[in-house]
Amino acid sequence: MARLKAKWNQKSRERTPEQIASAVSSNIWLLAADGCLSLENEGFETNTQAQRLDVITEFLAFSLHLVDRMTYGELEEDERVRFINALGVSLANLVQDNRVDSNGPGEYRPKFVELLNQRMDDYSECIYDQESGPGFSLKRVLGNAVMAVMGDKDKKWIPDYVIDVEAPKIVKGINRVMHGMGDSLDEADFGMPAVPKNGVWGEG
């Protein structure tokens, strides 16, 4: 299991939504990378670093949607939109840095943002309960998405493994992170203007 940072070192400091989103995105990346590694350890093959990043981005999109569902009703709508947008931007920047390392120079944010928008639509059709978390259909969409970007070996077994093992691990990790960041979100300074970043979420 990835070693998550779900607490701040300086608890008394008031933070912006963007700062909190940056911390959450780092944890989400760890969970997604851990999920990809677990698949490989189980014998499901990826052939290149680029393909591994394809798998990771599917886990990132799933995680972003979980956070969106979890914060629904917990934050004011405009606050939730700002936080989720900031989280999408932060994830897009992480993807950009890792794609450059893997694939070479280029602008990779737009394609990732397009994937986020598509998966948000796909997952929005599925059941999510605030108590029990994502329903089977939501996890099934993730399983099929991961299967589509994995290698052909044992491909038919990938969705079941993702549904039964990896999705619950991610849900558990996200719950831990968001629980740890809960007080920071409640106290976040939403009145402070957002600092512009590269990779604007929603362009896609």
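Residues numbered from 1 in each chain as written. Predicted model: local features only at pLDDT ≥ 70, side-chain atom pairs only at ≥ 80, totals over all residues. Heavy atoms only, no water.

**A look at the packing of helix H2 (residues 49–71) against helix H5 (residues 136–149)**
Running from amino to carboxyl end, H2 crosses H5 at an angle of 165°, the nearest separation of the two axes being 9 Å. Relative to H5, H2 is oriented roughly antiparallel. For H2 against H5, the interelement crossing comes out right-handed. Residues Gln51, Asp54, Val55, Glu58, Phe59, Phe62 and His65 of H2 lie in contact with H5, whose contacting residues are Leu138, Leu142, Ala145, Val146 and Val149. A class-by-class count of the residues in the contact of H2 with H5 yields eight nonpolar, two polar and two charged. (Axes fitted to C-alpha atoms, helices over the stretch in contact; angles between N-to-C directions. Helix = DSSP H or I, 4+ residues; strand = E, 2+ residues; numbered from the N terminus. Parallel < 35°, antiparallel > 145°, perpendicular 65-115°, else oblique. Left-handed = near helix turned anticlockwise from the far one by under 90°. Contact = heavy atoms within 4.5 Å. Nonpolar A, V, L, I, M, F, W, Y, C, P; charged D, E, K, R; others polar.)

**Some words on the environment of Val67**
Examined against the element boundaries, Val67 turns out to sit in helix H2. Considering only alpha carbons, one finds Val67 and Ile84, 17 residues apart in sequence, at a separation of 7.8 Å. Setting aside its immediate chain neighbours within four residues, Val67 contacts Ile28, Phe83, Ile84, Leu87, Ile174 and Met178.

**Here's the deal with the environment of Gly35**
Of note, Gly35 is situated in helix H1 (residues 17–41). Between the C-alpha atom of Gly35 and that of Ile170, which follows or precedes it by 135 residues, the distance is 7.8 Å. Not counting chain neighbours up to four residues away, the residues in contact with Gly35 comprise Phe59 and Glu166.

**A look at the environment of Met147**
With respect to the helices, strands and loops of the structure, Met147 is situated in helix H5. Owing to a relative accessible area of 24%, Met147 belongs among the partly exposed residues under this scheme. Sequence-wise, Met147 and Val55 are 92 residues apart; in three dimensions their C-alpha atoms are separated by 8.6 Å. Ignoring any residue separated from it by four or fewer positions in sequence, one finds Met147 in contact with Lys155, Ile158 and Pro159. (Buried < 20%, exposed > 50% of the residue type's maximum accessible area, 1.4 Å probe, protein only.)

**Quick look at the packing of helix H3 (residues 77–103) against helix H4 (residues 109–124)**
Contact geometry of H3 with H4 gives a least axis separation of 9 Å together with a crossing angle of 135°. With respect to H4, the element H3 is oriented oblique. Like other packed secondary-structure pairs, H3 and H4 cross with a definite hand, here right-handed. Contacts between H3 and H4 involve Gly88, Leu91, Ala92, Asn93, Val95 and Gln96 on the former and, on the latter, Arg109, Phe112, Val113 and Leu116. Across the contact of H3 with H4, the residue classes tally to six nonpolar, three polar and one charged.

**Some details on the confidence of the model for the chain**
Averaged over every residue, the pLDDT of the chain is 86; the share at 70 or more is 82%. Considering each helix and strand of the chain separately, the mean pLDDT is smallest for helix H6 (residues 158–186), with a value of 89, and largest for H4, with 97. Below pLDDT 50 for its whole length, residues 196–204 participates in 27 contacts with residues either more than four positions away or in separate chains. (pLDDT = per-residue confidence, 0-100.)

**Let's talk about H1**
Taking 1.5 Å per residue, 25 residues should reach 36 Å; H1 reaches 36 Å between its end C-alpha atoms and fits that length. Phi for Gly43, located one or two positions after H1, is positive at around 100°. (Expected span 1.5 Å × (residues − 1).)

**A few points about the pattern of salt bridges**
This model, assessed by the stated rule, comprises 11 salt bridges. Across the salt bridge formed by Lys169 and Asp34, the nearest N and O atoms sit 3.7 Å from each other. Residue Lys169 is found in helix H6, and its partner Asp34 is found in helix H1; the two are separated by 135 residues along the sequence. Overall, Lys169 belongs to the partly exposed group, its relative accessible area being 24%. For the salt bridge of Asp160 with Arg140, the shortest nitrogen-to-oxygen distance reads 3.6 Å. Of the two residues, Asp160 is situated in helix H6 and Arg140 in helix H5; the sequence distance between them amounts to 20 residues. Taken together, the shared-partner salt bridges connect Asp34, Glu166 and Lys169 into one network. (Salt bridge = Lys/Arg side-chain N within 4 Å of Asp/Glu carboxyl O.)

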